[in-house]
Amino acid sequence: MLINERDTRRERLLQVAGDMMTAARTAPKGKGVDIIEVAMLTDDSIAELSAAMLGYSEKTGMKFITRDAENLLQAEAVVLIGTKIQTHGLNCGYCGFDTCAAKPDGIPCAINSTDVGIAIGSACAVAADHRVDCRVMFSAGRVAQELDWLPGCTSVYAIPLSCSSKNPFFDRKPKTPAADAPTAAR
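Residues numbered from 1 in each chain as written. Predicted model: local features only at pLDDT ≥ 70, side-chain atom pairs only at ≥ 80, totals over all residues. Heavy atoms only, no water.

1. Side note on unusual backbone geometry
Piece 1. At Lys31, a residue that is not glycine, the phi angle is positive and equals roughly 60°.
Piece 2. Here Lys31 is to be found in the loop between α1 (5-26) and β1 (36-41). (Helix = DSSP H or I, 4+ residues; strand = E, 2+ residues; numbered from the N terminus.)

In structure tokens, the structure reads:
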């Protein structure tokens, strides 16, 4: 039997995405409290997120989101990782307030932010171990949060994945250069 790598690439990439979701779930959590949510997007969901990113870019004026929306279409899968807000009662002050009781609603607990960061790092380590190209995108995660794809999460990040000859998530250039970009010296 001869199996060409191109014929099994998608199946293998989706397996890695699943392993990344497992790594995010099993990553250490502050006080052992698991408030992380994880999901995977493929096909039409990636296209839907990209389209929503274009609308968000137009609404907010954040032009880099347009570039990221176009770039996202080169992904074969996207892993979303987010965290809910839950105060841990440590009164550590890492959020900028002296006590958990003094922290206003809507301000994330620093432990929650740390937990999502560790989960992202664990997931990206799995991608690296399998030599699958990825990039952490705040922009795609922010729009996924707007779409409420991880209900209750207030901090969402997206990790697009690709298995191609060159990582499409780096060396990205916007289609239109910024007006105030410096010109190269001649």
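Now that the structure is up, let's keep going.
2. A look at the confidence of the model for the chain
Piece 1. Taken as a whole, the chain shows an average pLDDT of 91; of its residues, 92% reach a score of 70 or greater.
Piece 2. Below pLDDT 50 for its whole length, residues 181-186 participates in 0 contacts with residues either more than four positions away or in separate chains. (pLDDT = per-residue confidence, 0-100. Contact = heavy atoms within 4.5 Å.)

3. Examining the packing of aromatic side chains
Piece 1. Under the criterion given, the structure shown has 0 aromatic pairs.
Piece 2. Across the ring face of Phe170, the terminal group of Arg135 is positioned such that the distance to the ring centre comes to 4.5 Å. (Phe/Tyr/Trp six-rings, centres within 6.5 Å; stacked < 30°, edge-to-face > 60°. Lys NZ or Arg CZ within 6 Å of the ring centre and 35° of its normal.)

4. Comments concerning helix α2 (residues 43-60)
Piece 1. Look at α2: 26 Å from first C-alpha to last across 18 residues, which is about the 26 Å you get at 1.5 Å a residue.
Piece 2. Every buried residue belonging to α2 is among Ile46, Leu49, Ser50, Met53, Tyr56 and Ser57, and all of these are buried. Buried residues along α2 cover an arc of 120° about the axis, so they all sit on one side. In α2, those exposed residues whose orientation departs by more than 90 degrees from the buried face are Asp44, Glu58 and Lys59.
Piece 3. Contact partners of the buried residues in α2: β1, α3 (64-72), β2 (77-83) and α5 (138-146).
Piece 4. Gly61 lies just past α2 and shows a positive phi near 80°. (Expected span 1.5 Å × (residues − 1). Buried < 20%, exposed > 50% of the residue type's maximum accessible area, 1.4 Å probe, protein only. Arc of directions from axis to C-beta.)

5. Description of the sheet that holds strand β3 (residues 133-134)
Piece 1. The 4 strands are arranged β1-β2-β4-β3 in an open sheet whose pairing can be described as antiparallel. Unpaired on one side and paired on the other, β1 and β3 mark the two borders of the sheet.
Piece 2. Bridge count for β2 against strand β4 (residues 155-162) is 7 bridges, and the pairing is antiparallel. The partner of Gly82 across the bridge, within β4, is Val156. (Pairing = 2+ DSSP bridges.)

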